[in-house]
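Structural overview
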Amino acid sequence: MIKKILVANRGEIAMRIFRTCRVMNISTVAVYTHVDRGALHVRYAEEAYCISGSPEDTSYLKPELILSIAKKTGAAIHPGYGFLSENADFARRCEEEGVIFIGPGADIIAKMGIKTEARKIMREAGLPIVPGTEAPVQGIEEVKKVAKEVGYPIMLKALAGGGGKGMRLVRTEEEVETALRLSQSEAGTSFGNDAVYIEKYIENPHHIEVQIMGDKYGNVVHLGERECSIQRRNQKVIEESPSPFVKEETRKKMLKVAVEACKRIGYYSAGTLEFMMDKDQNFYFLEMNTRLQVEHPVTEECTGVDLVRDMIMVAAGNPLPYKQEDIKFSGAAIECRIYAEDPENNFMPSPGVITVREAPEGRNLRLDSAAYAGFEVSLHYDPMIAKLCCWGRTRESAISNMARALREYKILGIKTTIPFHQRVLKNAAFLEGKYDTTFIDTRFDKEDLKRCQNTDPTVAVIAAAVRHYEREKEAASRATTLPVVGESLWKYYGKLQMTANNY
């Protein structure tokens, strides 16, 4: 058994991994920058080490330094997602130095990390592939040539990364030059590799992904699929499981081929195969993420499986504790990613200090977060500050639970995407499950969001309560006997707050 784990990450994912470690009685080690010195993951861990060379140094991409801390503390390394999670060189250095890397082997990460290589491997393993290039494009003329062969529109995608970085939709030949330049520039900045490749763009697609878990003994199981089609700038913002769009016949076929493909390539640990599905339920492999996904909570809520626990067990050399027939799927779950962004202002980042944080509570609710009142949201890192996940016996129940939780969730001092999520949950297309990756652009009324966006009611509520208190106090001072003042101030404040919430 692994006795100590260093999480080479920050924020909510570091906290999520640490919490499982605590359940498993595994000691925890955090790393942090000067910006994050007061972060929750730093205070939660039993040991913490600063990796900043100066106050201006905000990078977590310090493989050698992190590896040296792991060796000094005797810890295994869990990379979370992002940062070093899909860095094959880092995983290989861990293997060479005798440090357990909680994830798949370096060779698998390397093969799946190069998207064109992954497409080739998965096609040979029997998965259908979106038409496109098998190698990076070399210039404008090649892009135009391939586009004519597969047909417009096409998608330019970064060879060495994901998360929507370096992606550009090209609908006509006139857009090729600008799109290629921007795609290569963003890819180079984000991943240190400006190579891009081409995929045929499927109109009105659904983004479906399959969660798998494997061990080092050839056992691989799936844990169902997730619908991830509500996206903004190619970044997921709401996910749910199971998909309301996928038919049962298609689901069985997709899950089966995903497991068979992973067995053929000898995959172990947690991993996700991403597919694009057209309106006729035809599905095509896009890429494989060789790590824990941001949206893994919806799968955990529907299966009862702790993916982090099983990743740790597999990394320690244990077989999977279950077979496919042991996985029981129950109900439906939905996740909203809460970003420090202003939905009224084209989702611009909203850094600053959180002055008030009231987290939702109750049944069938899970909140993965590292935010707290007094926490400063920095521009140096991803603006996601929390993931709110709700489960229900049915999809309708899960949505109702989420609507209630969002209504209770109060974050002041910065703008958040909570109002955006509230509007989505009232959208007819979403409620009917009839949405695809174009939802925000075509089915969601952004002007409606702006019209219904409320200003912060807290100041008005407090002012009204204070005014009521002063009036009651004045009336009491004029009375010759002890007055019956009527409702208590707290009860009155509660009614005002309820009115503000319904506004």
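Residues numbered from 1 in each chain as written. Predicted model: local features only at pLDDT ≥ 70, side-chain atom pairs only at ≥ 80, totals over all residues. Heavy atoms only, no water.

**A word on the overall build of the protein chain**
For clarity, the cut-off: Only runs of H or I of at least four residues qualify as helices and only runs of E of at least two qualify as strands under DSSP, and these elements are numbered from the N terminus. Categorising residues by exposure relies on relative accessible area from a 1.4 Å probe, with only protein chains included: less than 20% of the type maximum marks a residue as buried, more than 50% marks it as exposed, and the intermediate range marks it as partly exposed. In short, Shrake-Rupley with a 1.4 Å probe defines the accessible areas, and a residue's cover is counted only from the protein chains shown.
When you go through the protein chain residue by residue, the secondary structure sums to 18 helices and 21 strands. Out of the 503 residues belonging to the protein chain, those deemed buried represent 53%. Accessible surface for the protein chain amounts to roughly 22900 Å². Of this, 51% is attributable to carbon and sulfur atoms.

**Here's the deal with the pairing of strand S18 (residues 365-369)**
Consecutive residues of a regular strand have side chains that alternate between opposite faces of the sheet. Here is the rule we go by: One bridge is not enough; two strands pair if DSSP finds at least two bridges between them.
The buried count for S18 comes to 4 of 5 residues, which makes it a mostly enclosed element. Note that S18 and strand S20 (residues 384-392) share 5 bridges and pair antiparallel. In the sheet register, Arg366 faces S20, and the bridge partner there is Cys389.

**Quick word on the sheet that holds strand S2 (residues 27-32)**
To keep it simple, the criterion reads: Helix axes use the C-alpha atoms of the stretch in contact, all axes being lines fitted to C-alpha atoms, and the angles between their N-to-C directions lie in the range 0 to 180 degrees.
A sheet is described by the order of its strands in space; here 4 strands give the open sequence S3-S2-S1-S4, paired in parallel fashion. Where the open sheet ends on each side, the last strands, each with one partner, are strand S3 (47-50) and strand S4 (76-78). Each strand axis lies, on average, 25° off the axis of its neighbour in the sheet, ignoring direction. One ladder, built from 4 bridges, connects S2 with S3; its direction is parallel.

**Section: the nonpolar core**
How we decide: Definition of nonpolar core: a set of buried residues of the types Ala, Val, Leu, Ile, Met, Phe, Trp, Tyr and Cys, connected through side-chain atoms within 4.5 Å. In this document the domain limits rely on a domain assignment from an automatic tool or a database. By definition, residues are in contact when any of their heavy atoms lie within 4.5 Å.
Judged by nonpolar contacts, the single largest core of 70 residues is most densely connected at Ile5, Met213, Ile230, Ile312, Phe430 and Phe439. Take this core: its biggest share by element is 7 residues, from helix H11 (residues 307-315). Residue contributions to this core reach at least three from each of two domains, namely domain 1 (4-102) and domain 3 (206-450). When near neighbours in sequence (up to four residues on either side) are disregarded, Ile230 contacts Gln235, Lys236, Val237, Ile238, Val424, Phe430, Tyr435, Phe439 and Ile440. Membership of the second largest hydrophobic core comes to 29 residues, among which are Ile108, Met254, Leu273 and Phe285.

**Quick look at the pattern of salt bridges**
Put simply, the test is: Whenever a carboxyl oxygen of Asp or Glu lies within 4 Å of a side-chain nitrogen of Lys or Arg, that contact is scored as a salt bridge.
What the rule picks out here adds up to 37 salt bridges. Between Glu97 and Lys71 there is a salt bridge whose closest N-O contact spans 2.6 Å. Taken as a pair, Glu97 in helix H4 (residues 88-97) and Lys71 in helix H3 (residues 63-73) lie far apart in primary sequence, 26 residues in all. What makes Glu97 partly exposed here is its relative accessible area of 31%.

**So, the packing of helix H5 (residues 106-113) against helix H6 (residues 115-124)**
For clarity, the cut-off: Every angle not falling under 35 degrees, over 145, or within 65 to 115 is termed oblique; those three ranges are roughly parallel, roughly antiparallel and roughly perpendicular. Just so you know the grouping, Ala, Val, Leu, Ile, Met, Phe, Trp, Tyr, Cys and Pro go in nonpolar, Asp, Glu, Lys and Arg go in charged, and all remaining residues, Gly too, go in polar.
Look at H5 against H6: their axes get within 5 Å of each other, and the N-to-C directions meet at 100°. By the angle class used here, H5 and H6 are roughly perpendicular. Packed against H5, whose contacting residues are Lys111, Met112 and Gly113, the element H6 presents Lys115, Glu117, Ala118, Ile121 and Met122 at the interface. When the residues that make up the contact of H5 with H6 are grouped by side-chain class, the tally is 4 nonpolar, 1 polar and 3 charged.

**Things to note about the sheet that holds strand S6 (residues 168-170)**
Read from one edge of the open sheet, 3 strands run S6-S5-S7, paired in antiparallel fashion. Two strands in the sheet have a free side with no partner beyond their single neighbour: S6 and strand S7 (196-200). Each adjacent strand pair in this sheet contributes to an overall mean axis angle of 30°, direction not counted. Relative to S7, strand S5 (residues 154-158) runs antiparallel, the two sharing 5 bridges. Across the sheet, the residue bridging to Ala158 is Val196, located in S7. Here H6 sits on the sheet in contact with S5 and S7, set at roughly 45° to S7. Strands in contact with helix H8 (residues 176-191) are S5, S6 and S7; relative to S6, the strand with the most contacts, it is inclined by about 165°.

**Details of H8**
The following threshold applies: Take the residue count of a helix, subtract one, and multiply by 1.5 Å to get its expected span.
Between its first and last C-alpha, H8 extends 22 Å over 16 residues, near the 22 Å set by a 1.5 Å rise per residue. Looking at the buried positions of H8, the neighbouring elements they touch are helix H7 (140-150), S5, S6 and S7. In the stretch just after H8, Gly192 is the one whose phi turns positive, near 70°.

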